[in-house]
Amino acid sequence: MLRTKLIILGVGSVLSCAASTLATNINTGDASLVSRQESDVSIDTLGDPCRAIAGKKWVSPKEVRACFNVIAVGPKAKDNILDVVDKTTAAFDHSRPYQKLAPPPFTGEIHENLSADIARIRRTHYKTEFDLHIDVSRSVKRLFDGHTVYFNDCYDSVFLNFLPIPLVYITDNRGVQHVHIAKDAFEVASKEFADQIDVWQNALPRNLRGKLSSLNGAKVLKIDGKDPLSAVDENAKIVGGYQALGTRQNGFFASYNVGADGKMAYSLGNFAQKSLPLDDEVILTIQRSGNISPETITLPYRSRIQTRATWTDKASYRQNLCVAQEGTNGVDAYAPGVLSQAETESPIFKFQQQPPVKVAERKHRAMSVAVDTIPKIDIVHPVQPTPVGNDGFTVSQFYLLDDRKTGVLGLGSFSGSSDSAFEGLQKSLLNGLQSLKAMGATRLIIDVTNNGGGWICVGHWLHRILAGPKASTEPHAGLLSRAPAGPLPLAIVKAIVEKNADPDWWTYHNGLGYQFPNATDFPPNYNWLQPVDKRVVNGELVQFSPLISDGCPASYMFDAPNKPLFDTKKVAILGNGRCASTCAQFSSLMAKKEGSKTVVFGGRKGVQQHYSGIVGGQSTDFVAMDTDVKTTGLKNHRDAPPDLITNSGQGINWRLDFGIWDIREPEEWQSRPADINLPLTLETANNPVAIWKQVAQLLWK
Ligand SMILES: *[C@@H]1O[C@H](CO)[C@@H](O)[C@H](O)[C@H]1NC(C)=O
Ligand SMILES: *[C@@H]1O[C@H](CO)[C@@H](O)[C@H](O)[C@H]1NC(C)=O
């Protein structure tokens, strides 16, 4: 089932590990430049604002904006971007028609007519390309689909914009909920931003100057003069990513996950970390702990470099970051010379919410992973629980609570970043869970906080070993899916089966990757898109393939035990709801088919919490589809997207899984209500160990 993956992509502007390390390399070491932060917009003598921020690690959002704002909309760029977004999603992403008016329970949330917005943007005049970018990006984000994300490496997270005060949402002993500054905010910020913390220390009003740490745990009464919850809700409107309102609200706050290095990582949340330099400062009214009277403080956002691309001035900024680069577009896999090119990274990798998967490991192509215009960066969490045994494999770590009966699997991703992560992760899951059992664990918490998905087959594997062999796990443990089967995909598969256009299996549309629902391979030259399933969704004709399965049995690389590892009713899936893609597929199956309990922590009262979101099926992007189009000679097809001329990309929700409770409809818009919304205190908020103990108490006392 393995195949060699076509890798021909080469973009230098990708950076997915902690910026602090890399930025040190990026920086030329000129300390005088780095510490020039007090200045306002530092227009240098030549009046080129991109030159003013070149080679710097830290700048102000205003300085970044000034550089962005000198880039005019190229005469062809707007139509080109819109054509690619429109045609890529129309041909290869059949969530789009549903998102015009999503089925319940998401009808109130998701009603984005992308065609209408694309038409509106075509008619609108934009002063700068940055203004255009914001409009396109936010329009696509209104689909609330963390697979279908538009990004542009000229703007998104070129710098990340930070505040040193991540927030938490807690419930007091009378049951009233409040926003607070995290009690470990200073510890986290002073380590991660050691070279910048003084700027914030000095920005505080005179009586607090240098006393940033005294803000730890403070109650937040107002953000920019308004109820803090209105800032949470304003963000939830524009941030995209997840269907459920509660899940987007939760993303505003600090949280954690097992990181790529196996350590607990701290996620700052959408208040303290932003992808675009749109906010210069925040004005907070706070009540510090032990104080009665409210105080008002202003803290600046600071922008830290988050790209490996370099520039010296406006012209080189544009050339290196804004126009199409090697890897922006797909290739004909059989064109001479293509395969000899060095294996490097695709532009979407930076934004995938998983550890940086090695290019060679991407041959395991059945992947479903969330994308966000904010890359996942691992900041060290002050709470580092001690794993038991030696079976942890980077993102999978095993812990045993003091009761000696509750095992915890901390699972940060369904993918990993080492050379043999696909195998290593599966092996780790089997051995680690068996060890927990051997140590006496009879129940299991699977902590999937901020798990953005990964390899689909790893999700199958975990489900299979937990639940044992049964109808829901054999012959395969996943959901059945359908792929888009409109005129262009039909032409692609026709070329593959009738003209042998892809003998070496480079394309996503090659049937060798998938199976019949009964987990048997398609016969040779089988047109797996036929017979087409036609339906009308929100007034639009939608064509799907028949139901197929993921083709995962061959990924059961190790002997799966013939008994369940745990009683699946004594398994709890825990998180902040931000469990996407493969994680959502896995947790939905565990909850809906195996009776596992689901717990979301920290959600707002009265707002339905969902234990996972954006189930998808198999996610991919414009580059991959463009490769399929070019490889099968169909670039001139009426529905084929043109090549991008900007340094952009478009993620897609390609195959869609169909439902567990209702197989006739996609699982995507079916309900995933959490059994429990666990309230947090200032002490337990963003403390994984404290949360695990609370969950064990609550479920199994
Ligand atoms: C969506 O927008 C397009 C373009 O403006 C329009 O033709 C179509 O009727 C709209 N569809 C719905 C369901 O509103
Ligand atoms: C699996 O399903 C396919 C398609 O329906 C069918 O042709 C094949 O005979 C089935 N194989 C088995 C082993 O049931």
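Just so you know, these numbers come straight off a predicted model, no measurement behind them.

**Brief notes about the state of the cysteines**
Working definition: the covalent bond between the sulfur atoms of two cysteines is a disulfide.
Then, in step 1: Under the definition given, this model contains four disulfides.
Then, in step 2: Put simply, Cys154 and Cys322 are joined by a disulfide, and their sulfur atoms are 2.2 Å apart. With the S-S dihedral at roughly 60 degrees, the linkage between Cys154 and Cys322 falls on the right-handed side. With Cys154 in the loop between strand S2 (150–152) and strand S3 (159–162) and Cys322 in helix H14 (residues 314–322), this residue pair connects regions lying 168 residues apart in the sequence.
Then, in step 3: Using a relative accessible area of 3% as the deciding quantity, one classes Cys322 as buried.
Then, in step 4: Between the sulfur of Cys457 and that of Cys552 lies a disulfide, 2.1 Å long from S to S. As the torsion about the S-S bond is roughly -80 degrees, the Cys457-Cys552 disulfide counts as left-handed. Of this pair, Cys457 sits in helix H16 (residues 456–467) while Cys552 sits in the loop between strand S21 (540–544) and strand S22 (571–575), and the two are 95 residues apart along the sequence. Each member of the pair, Cys457 as well as Cys552, is classed as buried.
Then, in step 5: By sequence order of its bonded cysteines, the protein chain has the disulfide arrangement 1-2, 3-4, 5-6, 7-8.

**Here's the deal with the pattern of salt bridges**
Then, in step 1: A full pass over the atoms with the stated rule returns 35 salt bridges.
Then, in step 2: Among the salt bridges present, the one from Asp86 reaches Arg96, with a minimum N-O distance of 2.9 Å. On the criterion of sequence distance, the pair formed by Asp86 in helix H5 (residues 77–92) and Arg96 in helix H6 (residues 96–99) is long-range, its members being ten residues apart.
Then, in step 3: Judged by its relative accessible area of 22%, Asp86 is partly exposed.
Then, in step 4: Judged by its relative accessible area of 10%, Arg96 falls in the buried class.
Then, in step 5: Among the salt bridges present, the one from Arg142 reaches Glu112, with a minimum N-O distance of 3.1 Å. Here Arg142 is found in the loop between helix H8 (129–141) and S2, whereas its partner Glu112 is found in the loop between H6 and helix H7 (114–123), with 30 residues between them in sequence.
Then, in step 6: Owing to a relative accessible area of 29%, Arg142 belongs among the partly exposed residues under this scheme.
Then, in step 7: For Glu112, a relative accessible area of 4% puts it in the buried group.
Then, in step 8: Taken together, the shared-partner salt bridges in this structure form one network comprising Glu112, Asp117, Arg120, Asp135 and Arg142.

**Some words on the packing of aromatic side chains**
Then, in step 1: Tallying each qualifying case throughout the model produces 29 aromatic pairs.
Then, in step 2: Aromatic pair Phe159 and Trp311: ring centres 6.3 Å apart, planes at 75 degrees, arrangement edge-to-face. With Phe159 in strand S3 and Trp311 in the loop between strand S12 (302–305) and H14, this residue pair connects regions lying 152 residues apart in the sequence.
Then, in step 3: Residue Phe159 is classed as buried on the basis of its relative accessible area of 2%.
Then, in step 4: What makes Trp311 buried here is its relative accessible area of 7%.
Then, in step 5: Ring centres of Trp311 and Tyr317 lie 4.9 Å apart, and the angle between their planes is 85 degrees; this geometry places the pair in the edge-to-face category. By the burial criterion, Trp311 is buried, and Tyr317 matches it.
Then, in step 6: Within the aromatic cluster, the residues linked to one another by ring pairs are Tyr508, Tyr514, Phe516, Phe522, Tyr526, Trp528 and Trp654.
Then, in step 7: Above the ring of Phe144, the side-chain terminus of Arg248 is found at 3.8 Å from the ring centroid.

**Considering the domain arrangement of the protein chain**
Then, in step 1: Here the protein chain is partitioned into domain 1 (7–158 + 307–370 + 617–657) and domain 2 (492–544).
Then, in step 2: Facing 22 residues of domain 1, the contacting portion of domain 2 comprises 21 residues.
Then, in step 3: Overall, the association of domain 1 and domain 2 removes approximately 2000 Å² of surface from exposure, summing both partners, and the carbon and sulfur fraction of that is 64%.
Then, in step 4: In terms of surface lost to domain 2, no three residues of domain 1 exceed Tyr334, Arg365 and Asp628, which account for 29% of the buried area on that side.
Then, in step 5: At the boundary of domain 1 and domain 2, one finds one salt bridge.

**Observations regarding the site of ligand 2**
Then, in step 1: Around ligand 2 lies a shell formed by Phe516, Asn518 and Thr520.
Then, in step 2: Within the side chain of Asn518, an N or O atom sits 2.4 Å from an oxygen atom of ligand 2.
Then, in step 3: Relative to its unbound accessible surface of 360 Å², ligand 2 loses 31% to contact with the protein.

The rules behind each value
- Residues numbered from 1 in each chain as written.
- Chains lettered and ligands numbered in written order.
- Predicted model: local features only at pLDDT ≥ 70, side-chain atom pairs only at ≥ 80, totals over all residues.
- Heavy atoms only, no water.
- Disulfide = S-S within 2.5 Å.
- Helix = DSSP H or I, 4+ residues; strand = E, 2+ residues; numbered from the N terminus.
- Buried < 20%, exposed > 50% of the residue type's maximum accessible area, 1.4 Å probe, protein only.
- Salt bridge = Lys/Arg side-chain N within 4 Å of Asp/Glu carboxyl O.
- Phe/Tyr/Trp six-rings, centres within 6.5 Å; stacked < 30°, edge-to-face > 60°.
- Lys NZ or Arg CZ within 6 Å of the ring centre and 35° of its normal.
- Domains from an automatic or database assignment.
- Contact = heavy atoms within 4.5 Å.
- Buried area = accessible area lost by both parts, 1.4 Å probe.
- Near = heavy atom within 4 Å.
- Polar contact = N/O pair within 3.5 Å; in protein donor to acceptor, adjacent residues only side chain to side chain.
- Areas by Shrake-Rupley, 256 points an atom, 1.4 Å probe, with all protein chains shown as cover.

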